[in-house]
Amino acid sequence: AVPRTRILATGGASHNKKILQVLSDVFNAPVYTIDTANSACLGSAYRAIHGLVAERNVPLADVVKLAPEPRLAVTPTTGAEEV
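Now for a description of the structure that goes with this document. (Residues numbered from 1 in each chain as written. Predicted model: local features only at pLDDT ≥ 70, side-chain atom pairs only at ≥ 80, totals over all residues. Heavy atoms only, no water.)

Some remarks on the layout of surface pockets
Right, so step 1: Each pocket or cavity is described by its volume, and for the largest pocket that value is around 300 Å³.
Right, so step 2: Together, 16 residues line the largest pocket, and Leu8, Ile34, Tyr46, Val64 and Ala67 are the ones closest to its centre.
Right, so step 3: Among the elements that line the lining of the largest pocket, the one with the most residues is helix α2 (residues 39-52), at five residues.
Right, so step 4: Among the residues forming the lining of the largest pocket, the class breakdown is nine nonpolar, four polar and three charged. (1 Å grid on protein atoms, 1.4 Å probe; cavity = no way out; pocket = protein on both sides within 12 Å on 5 of 7 lines; lining within 4 Å. Points joined across faces, edges and corners; volume = space filled by probe spheres on them. Helix = DSSP H or I, 4+ residues; strand = E, 2+ residues; numbered from the N terminus. Nonpolar A, V, L, I, M, F, W, Y, C, P; charged D, E, K, R; others polar.)

With respect to the sheet that holds strand β2 (residues 31-33)
Right, so step 1: The three strands lie next to each other as β1-β2-β3, forming an open sheet whose pairing is mixed. Among the strands making up the open sheet, the edge pair consists of β1 (7-9) and β3 (71-74). Across this sheet, the average inter-strand angle for adjacent strands is 45 degrees, counted without regard to direction.
Right, so step 2: Taken together, the three bridges between β1 and β2 define a ladder with parallel strand orientation. Bridging from a neighbouring strand, Ala9 pairs with Thr33 of β2.
Right, so step 3: Contacting β1, β2 and β3, helix α1 (residues 17-27) crosses the sheet at an angle of about 85 degrees to β3. (Pairing = 2+ DSSP bridges. Axes fitted to C-alpha atoms, helices over the stretch in contact; angles between N-to-C directions. Contact = heavy atoms within 4.5 Å.)

Side note on the side chain of Thr33
Right, so step 1: Among the secondary structure elements, Thr33 is positioned in strand β2.
Right, so step 2: Under the relative-accessibility criterion, Thr33 is labelled buried at 12%.
Right, so step 3: Residues contacting Thr33, with those up to four places away along its chain left out, are Ala9, Ser14, Leu20, Pro70, Arg71 and Ala73. (Buried < 20%, exposed > 50% of the residue type's maximum accessible area, 1.4 Å probe, protein only.)

Considering the nonpolar core
Right, so step 1: One finds Ile7, Ala9, Leu20, Ala29, Val31, Ala73 and Val74 forming the largest nonpolar core, which totals seven residues.
Right, so step 2: In contact with Ala9, not counting residues within four places along its chain, are Ser14, Leu20, Val31, Tyr32, Thr33 and Ile34. (Core = buried A, V, L, I, M, F, W, Y, C linked by side-chain atoms within 4.5 Å.)

Some words on the packing of aromatic side chains
For any two aromatic rings, the description comes down to two numbers: the centre-to-centre distance and the angle of the planes.
Right, so step 1: The tally for this structure, following the rule as stated, stands at zero aromatic pairs.
Right, so step 2: The ring of Tyr32 has Arg6 lying over it, and the distance from NZ or CZ to the ring centre is 5.0 Å. (Phe/Tyr/Trp six-rings, centres within 6.5 Å; stacked < 30°, edge-to-face > 60°. Lys NZ or Arg CZ within 6 Å of the ring centre and 35° of its normal.)

Let's talk about the environment of Thr75
Right, so step 1: Turning to its location among the elements, Thr75 is positioned in the segment after β3.
Right, so step 2: Between the C-alpha atoms of Thr75 and Gln21, which are 54 residues apart in sequence, the distance is 7.2 Å.

Structure, rendered in structure tokens:
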């Protein structure tokens with residue numbers, strides 16, 4: 001089954017597997033990372049482009065389809081949701 005929720009982690013903390021594991025366990029969701037510099041700026045740029053094409057009803061998914069593919073970093077620890 002494909003999980004309905006996933007976490008995308010970027011920035012400095014995304015390089016710390018222990019922090020990512022805590023996120024995964026707390027939210028009971030897999031955590032993915034994107035290997036890109038200045039991810040906040042990149043996200044803002046995508047939203048700006050989306051705003052520019054909004055009058056043409058272009059979905060945000062179409063704007064970001066060329067974004068770097070997230071990589072699975074960690075999955076929830078079995079039984080963590082019960083803790």
